[in-house]
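Structure assessment
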Amino acid sequence: PDNCGKCDNCLHPRERVEAANELMLVLRVIHAVKEGFKTQHIIDILVGNETDDVIAHRHEQISLFGDGDDHEAPFWNAVIRQAMISGYIAKGIENYGLLSITPEGRAYMKDPEAFYITEDREFDDFNDAMGEGTSVLDETLFAMLKDLRRHVARRKNLPPYVIFMDGSLEQMATV
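Residues numbered from 1 in each chain as written. Predicted model: local features only at pLDDT ≥ 70, side-chain atom pairs only at ≥ 80, totals over all residues. Heavy atoms only, no water.

**A short note on the pattern of salt bridges**
Selection criterion: Whenever Lys or Arg places a side-chain nitrogen within 4 Å of a carboxyl oxygen from Asp or Glu, that contact is recorded as a salt bridge. The secondary structure listing takes helices from DSSP runs of H or I that are at least 4 residues long and strands from runs of E that are at least 2 residues long, numbered from the N terminus. Burial classification: accessible surface area is computed with a 1.4 Å probe over protein chains only, and a residue below 20% of its type maximum counts as buried, one above 50% as exposed, and the rest as partly exposed.
Within the structure shown, the criterion is met by two salt bridges. Here arginine 106 makes a salt bridge to glutamate 35, at a shortest N to O gap of 2.4 Å. Taken together, the positions of arginine 106 in helix α6 (residues 103–110) and glutamate 35 in the loop between α2 (20–32) and α3 (39–47) put the pair 71 residues apart, joining distant regions of the chain. Given a relative accessible area of 35%, arginine 106 falls into the partly exposed group.

**What to know about the packing of aromatic side chains**
How we decide: Any two rings among Phe, Tyr and Trp, with Trp reduced to its six-membered ring, count as a pair given centres within 6.5 Å; such a pair is stacked if its planes are under 30 degrees apart, edge-to-face if over 60, and tilted if neither.
Taken as a whole and assessed by the stated rule, the structure comprises three aromatic pairs. Aromatic pair phenylalanine 75 and tryptophan 76: ring centres 5.4 Å apart, planes at 85 degrees, arrangement edge-to-face. Each of the two residues, phenylalanine 75 as well as tryptophan 76, counts as buried. A centroid spacing of 4.9 Å and a plane angle of 45 degrees characterise the contact between tyrosine 88 and tyrosine 108, whose relative ring orientation is tilted. Of this pair, tyrosine 88 sits in the loop between α5 (73–85) and β2 (89–91) while tyrosine 108 sits in helix α6, and the two are 20 residues apart along the sequence. Connected via pairs of aromatic rings, a cluster forms that spans Tyr88, Tyr108 and Phe115.

**Details of helix α8 (residues 139–156)**
Note the threshold: To estimate the expected span of a helix, subtract one from its residue number and multiply by 1.5 Å. An arc is given here, and it is the one of the directions from the helix axis to the C-beta atoms.
Taking 1.5 Å per residue, 18 residues should reach 26 Å; α8 reaches 26 Å between its end C-alpha atoms and fits that length. For α8, the complete set of buried residues consists of Phe142, Leu145, Arg149, Val152 and Ala153. Along the axis of α8, the buried positions cluster into a sector of 100 degrees, meaning they face one direction only. Relative to its buried face, α8 has exposed residues pointing more than 90 degrees away, namely Thr140, Met144, Arg154 and Arg155. Taken from the residues just after α8, asparagine 157 is the one with a positive phi, measuring 60 degrees.

**Regarding the side chain of threonine 102**
Within the secondary structure, threonine 102 sits in the loop between β3 (99–101) and α6. Looking at threonine 102, the relative accessible area reads 12%, which means it is buried.

**Examining the nonpolar core**
Which entries qualify depends on this criterion: Put simply, a nonpolar core is a bunch of buried Ala, Val, Leu, Ile, Met, Phe, Trp, Tyr and Cys residues held in one set by side-chain atoms that sit within 4.5 Å of each other. Only heavy atoms matter for contacts: two residues are in contact if any of them lie within 4.5 Å across the pair.
One finds Val26, Ile42, Trp76, Ile89, Tyr108 and Phe115 to be the most contacted residues of the largest nonpolar core, which totals 32 residues. If one sorts the elements of this core by residue count, α2 sits on top with eight residues. Excluding anything up to four places from it in sequence, phenylalanine 115 contacts Val17, Glu18, Ala19, Ala20, Leu23, Val79, Gln82, Ala83, Ser86, Tyr88 and Tyr108. Judged by nonpolar contacts, the second largest core, of five residues, contains Leu137, Phe142, Leu145 and Leu169.

**Digging into the packing of α3 against α5**
Each pair of packed helices gets described by two things: the angle between the helix axes and the distance between those axes. As a reminder, the rule being used: Here, axes are lines fitted to C-alpha atoms. For helices the fit covers the stretch in contact, and angles between N-to-C directions go from 0 to 180 degrees. Here the angle decides the label: under 35 degrees means roughly parallel, over 145 means roughly antiparallel, 65 to 115 means roughly perpendicular, and every other value means oblique. In a left-handed crossing the near helix is turned counterclockwise from the far helix by less than a right angle, and in a right-handed crossing that turn is clockwise. Three classes are used, and their members are as follows: Ala, Val, Leu, Ile, Met, Phe, Trp, Tyr, Cys and Pro are nonpolar, Asp, Glu, Lys and Arg are charged, and the others, Gly among them, are polar.
Viewed as axis vectors pointing N to C, α3 and α5 meet at an angle of 125 degrees, and their least axial separation amounts to 10 Å. Relative to α5, α3 is oriented oblique. Classified by chirality, the crossing of α5 by α3 is right-handed. Side by side, α3 and α5 meet where Thr39, Ile42, Ile43, Leu46 and Val47 of the first sit next to Ala73, Trp76, Asn77 and Ile80 of the second. Broken down by class, the residue content of the contact of α3 with α5 amounts to seven nonpolar, two polar and no charged.

**As for the confidence of the model for the protein chain**
Under the convention used in this document: Confidence of the predictor at the level of single residues is given by pLDDT, which spans 0 to 100.
When the pLDDT values of the protein chain are averaged, the result is 86; 89% of them are 70 or greater. Predicted confidence for residues 129–133 stays below pLDDT 50, and this span has one contact to residues more than four positions away or in other chains.

**Observations regarding a nonpolar patch on the surface**
Note the cut-off: Note that patches include only residues with greater than 30% relative accessible area and no salt bridge, and the join distances are 9 Å for like charges and 5 Å for nonpolar side chains (Val, Leu, Ile, Met, Phe, Trp, Tyr). Using a 1.4 Å probe, accessible areas were evaluated by the Shrake-Rupley method; residue-level cover was limited to the displayed protein chains.
Together, Leu158, Tyr161 and Val162 make up a nonpolar patch on the protein surface, roughly 290 Å² of accessible area in all. Tracing the chain through its elements places tyrosine 161 in helix α9 (residues 160–163).

Structure follows, in structure tokens:
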């Protein structure tokens, strides 16, 4: 609740989206497949992907198939993940990650209420919003470090990458 004004969450807060209908759809699909499938399979049913696994189980024939095609897979992944956090869905550890509806989820199906999620951030869009040239890499320092690495490598008769990898030099020039 307190805005520190310094972290990404405070500087670029993500918008919360009402997703009660979407949660109900997820719960109905999990129920329809008798709580015997993993997250990706549920998402494939929601968006209408006729994968080999979906066809093998004849899930393209259930009435809910493709009912969530107005959203893409990352959205559905966010709904499922946040429904797990809220306690409506459980991911079984003993049974290889199969999704099941918790007692809270069954109660939600009988008496739905508001359910808000934050959509997963697309990092390419996020970086574009931050603007070009937001890197804090000091190009001059980076070039100086590469020259120093080259000098030390020659003196020790080693290839430069043995002294320091470029990633390490970039980190030094950033910090």
